[in-house]
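Examining the three-dimensional arrangement
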There are 2 protein chains.
Amino acid sequence: MKEVAELAGVSRSAVSRTFTDGASVSARTREKVEKAAKALGYRPSLIARSLATNRTKLIGLVANNFQNPAFLDVFDLFTSELQKRGFRPLLVNLSGDTSPKKFVELLKQYSVDGVIVATSTLPTSFANAFQTAGIPVIHTFGKFQANANVHVVGIDNEFCGSMAAQTFAERGYKSVALLGGPETATSTQDRAAGFVKTSEQLGLRVVKTCFAENYTYQAGREAMHEVMDGEDVEAVFCGDDLICMGAMDAARAAGKAIPEDIGFLGFNDIAMAGWDAYALTTIRQPIRDIIMSSVELVVGMVENPARSPEIRLFPCSVIDRGSLRPITGN
Amino acid sequence: MKEVAELAGVSRSAVSRTFTDGASVSARTREKVEKAAKALGYRPSLIARSLATNRTKLIGLVANNFQNPAFLDVFDLFTSELQKRGFRPLLVNLSGDTSPKKFVELLKQYSVDGVIVATSTLPTSFANAFQTAGIPVIHTFGKFQANANVHVVGIDNEFCGSMAAQTFAERGYKSVALLGGPETATSTQDRAAGFVKTSEQLGLRVVKTCFAENYTYQAGREAMHEVMDGEDVEAVFCGDDLICMGAMDAARAAGKAIPEDIGFLGFNDIAMAGWDAYALTTIRQPIRDIIMSSVELVVGMVENPARSPEIRLFPCSVIDRGSLRPITGN
DNA sequence: AGGAAAATTGCAACCGGTTGCAAAAAAATT
DNA sequence: AATTTTTTTGCAACCGGTTGCAATTTTCCT
């Protein structure tokens, strides 16, 4: 930097200012500095800038579900959106270890400007910990609460559960089952609640309620055995497409035809749901919107940390493929 | 830091030294400092440290294939392995824009300690650009060359192509086709070369050679129409599982049974290859080994940048499921 | 042209650590 | 006990930028 300043015949401040937007520099000075900078191949060091400004342009993404294809979209969008805005993503892989303390410390040491906690399988206290530590945080896919003290971007899981019941009712199903994701996830609980409640209202019998151990094909497959073990069910609402596909294969392996003998309704609408071999009817969660909104929000918070906690919910919709029978005329 | 020093009754150097391992501090001083630090909730700022040491403990991961499930493993392992070693991952999403200049600048500004370029769809010059810029770089999934001047970790694509031909020959296939990934990818070219060469040697006829536009189900599906358009083929070697699954569904839609009417051999062994609906026989690329090795190598380079370029290749193996007919006695 | 207002510039302090060097203290040796 | 060797410690400079403030220059008015 000093060299650039000398070559351009100006002070270091001038150099700094040409590379800081919004700073006051005359056109002539800027030109001189830019020429000198180019000649010397100079770029300001973001590290040094961070130290001085106390801003790093780094946003942490905390996730614990690295094996679900749904997260491909998350990673893709998160990185490209941040990039577009001049920020950078710092990934934190939470698999296994979920004590907030350690990670709060970590992200604090790296002085990230903000954090997106993208998970529905962790207690809300996890995201809150960042808040308490003074780090702007968005809880994406999180549980929203009226007395929120943290930004939440996601969907109304309870309503989605209702939607599933509604979908079943429209197609004339009478006895149905729930095959949720991990039971401890708030999203699972909320969806289950909505599903059961609305099923009752619509006169559906929820014959069975099971939960897969995690969001995997294998877990879905195994849990499906439990569903099939007992009274017959006409349709199953799954907590995740991956789980659903495992369940479908378990059903097929048991000789059942889809949707003739048993129907399936998934959740998320991952790419594979559209594949011929599954043609899964599923509730689509607008992941793109959710991530874009989260990024926008976290960047907004960096600029104005005092912004009061906001809840942003996006609508889900049923994507009709072939794993449920068609809507009955009634 | 100053406060901690005062509270502990020592100099700032002493504080710095207690938090730098390998530094010379007496047990008494360390204790005093640690007590004071705890009382004040102090942690050294990594930013400031980076500025002083010129080391950031940040490793860049440059990728351009965020939609392939194979990359879930990459992200998972990359982040968790780095984490384990006290480094942090900085993701760079290359989708679309592939001019090296910009990204070299970017990573230089962030002063990453090293970069892993994980892609086979970019020219080797891309990875080299980092090298020239003085940034330690590993080209993962890259093309290896005898006169390498950059570290490469991956597989022997040409040999894998041969392996595919071998696999077809063992099962008595006579006329086969190649349905590769994007034609410009070095991995595609190498696999094609190996496949064609060994096919000839073994007396197989390569009836058709096509390339999918990108690594997606849809592209595979479309490209398969081209393969089926013309002389009959008994088996298809696909450049990627995703492409292969699309191709399989196109074949099924055309009324062909797998493996009775047509056989498929995939590449990568992604999770979905094991799903009942596809039961794909595929060549497994040991992604875990490749990533772990890349991480180890890049961290090694940070410690000793002069390390001379190394090529690390891992063996692939055929995972036999149900999309090819069984090995003939012969 | 002269003066006021606005824009630009440089100075110097600061962000929060690290580290070479020399002095001081502790340990080892004779 | 005196001397030498080793270990610990603090000083002060440095990493590479930013920024409040006052001085200077430019622009605008009358």
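Things to note about the protein's contact with DNA strand C
- Close contacts around DNA strand C come from 27 residues, with A:S26, A:T29, B:M1, B:S16 and B:R49 the closest.
- A share of 54% is what sugar and phosphate atoms reach among the atoms of DNA strand C within 4 Å of the protein.
- A:S13 places a side-chain nitrogen or oxygen 2.9 Å from a base nitrogen of DNA strand C.
- Here B:Y42 contributes a side-chain N or O atom positioned 3.2 Å from a sugar or linking oxygen of DNA strand C.
- Looking at the surface near DNA strand C, the elements with two or more residues in it are helix 2 (12-18) and helix 4 (46-53) of chain A together with helix 2 (12-18) and helix 4 (46-53) of chain B.
- No other element matches the 5 residues that helix 4 of chain B contributes to the surface near DNA strand C.
- Split by residue class, the surface near DNA strand C holds 11 nonpolar, 10 polar and 6 charged.

Regarding the interface of chain A and chain B
- Listed as interface residues are 46 residues of chain A and, on the opposing side, 46 residues of chain B.
- Both sides together, the interface formed by chain A and chain B hides about 4,300 Å², and carbon and sulfur atoms give 63% of it.
- When the buried surface of chain A facing chain B is broken down by residue, A:I47, A:Y110 and A:W275 rank first, second and third, together holding 18% of it.
- Our count for the chain A to chain B interface comes out at 4 salt bridges.
- For B:E105, the salt bridge goes to A:R43, with nearest N and O atoms at 3.4 Å.
- Run the count over chain A and chain B and you get 20 residue pairs in polar contact (both at pLDDT 80 or more).
- Elements represented by at least two residues in the side of chain A that touches chain B include exactly helix 4, helix 5 (70-84), strand 2 (88-93), helix 6 (100-109), helix 10 (217-228) and helix 11 (241-253) of chain A.
- It is helix 5 of chain A that contributes the most residues to the side of chain A that touches chain B, 7 residues altogether.

Here's the deal with the protein's contact with DNA strand D
- Near DNA strand D, the surroundings consist of 27 residues, among which A:M1, A:S16, A:R49, B:S26 and B:T29 are the closest.
- Among all atoms of DNA strand D positioned within 4 Å of the protein, those belonging to sugar or phosphate total 55%.
- Here A:R17 contributes a side-chain N or O atom positioned 3.1 Å from a base oxygen of DNA strand D.
- Within the backbone of A:S45, one N or O atom sits 3.2 Å away from a phosphate oxygen of DNA strand D.
- Those elements that provide at least two residues to the surface near DNA strand D are helix 2 and helix 4 of chain A together with helix 2 and helix 4 of chain B.
- At 5 residues, the largest contribution of residues to the surface near DNA strand D is made by helix 4 of chain A.

Points about the layout of surface pockets
- Space inside the largest pocket adds up to approximately 1,200 Å³.
- Taken together, 38 residues form the lining of the largest pocket, with A:F19, A:L46, A:R49, A:K57 and B:Q109 sitting closest to its centre.
- At the level of secondary structure, the elements contributing two or more residues to the lining of the largest pocket comprise helix 2, helix 4, helix 5 and helix 12 (287-303) of chain A together with helix 6 (100-109) of chain B.
- Element by element, the count of residues in the lining of the largest pocket is highest for helix 4 of chain A, at 6 residues.
- In terms of residue class, the lining of the largest pocket is built from 13 nonpolar, 12 polar and 13 charged.

Focus on unusual backbone geometry
Residue and element names in this part refer to chain A.
- Here the amide bond leading from I258 into P259 is cis, since omega sits at 5°, within 30 degrees of zero.
- Counting through the fold element by element, P259 comes out in the loop between helix 11 and strand 9 (263-268).
- Even without glycine at this site, N268 takes up a positive phi of about 120°.
- Take N268: it is sitting in strand 9.
- In this structure N268 comes out as buried when scored by relative accessible area, which is 9%.

Description of the relation of the copies chain A and chain B
- Overlaying chain A with chain B gives an RMSD of 0.2 Å, the required rotation being 180° about an axis along which the chain moves by 0.1 Å. Such values leave the two copies arranged in the relation of a two-fold axis. Taking C-alpha positions as reference, the residue of chain A nearest the rotation axis is A:L90, located at 2.6 Å.
- The overlap is high: 100% of the interface residues of chain A also sit at the interface in chain B, so the same surface is used on both sides.

Conventions used here
Residues numbered from 1 in each chain as written. Chains lettered and ligands numbered in written order. Predicted model: local features only at pLDDT ≥ 70, side-chain atom pairs only at ≥ 80, totals over all residues. Heavy atoms only, no water. Near = heavy atom within 4 Å. Polar contact = N/O pair within 3.5 Å; in protein donor to acceptor, adjacent residues only side chain to side chain. Helix = DSSP H or I, 4+ residues; strand = E, 2+ residues; numbered from the N terminus. Nonpolar A, V, L, I, M, F, W, Y, C, P; charged D, E, K, R; others polar. Contact = heavy atoms within 4.5 Å. Buried area = accessible area lost by both parts, 1.4 Å probe. Salt bridge = Lys/Arg side-chain N within 4 Å of Asp/Glu carboxyl O. 1 Å grid on protein atoms, 1.4 Å probe; cavity = no way out; pocket = protein on both sides within 12 Å on 5 of 7 lines; lining within 4 Å. Points joined across faces, edges and corners; volume = space filled by probe spheres on them. Buried < 20%, exposed > 50% of the residue type's maximum accessible area, 1.4 Å probe, protein only. Least-squares fit on C-alpha atoms with pLDDT ≥ 70 in both.

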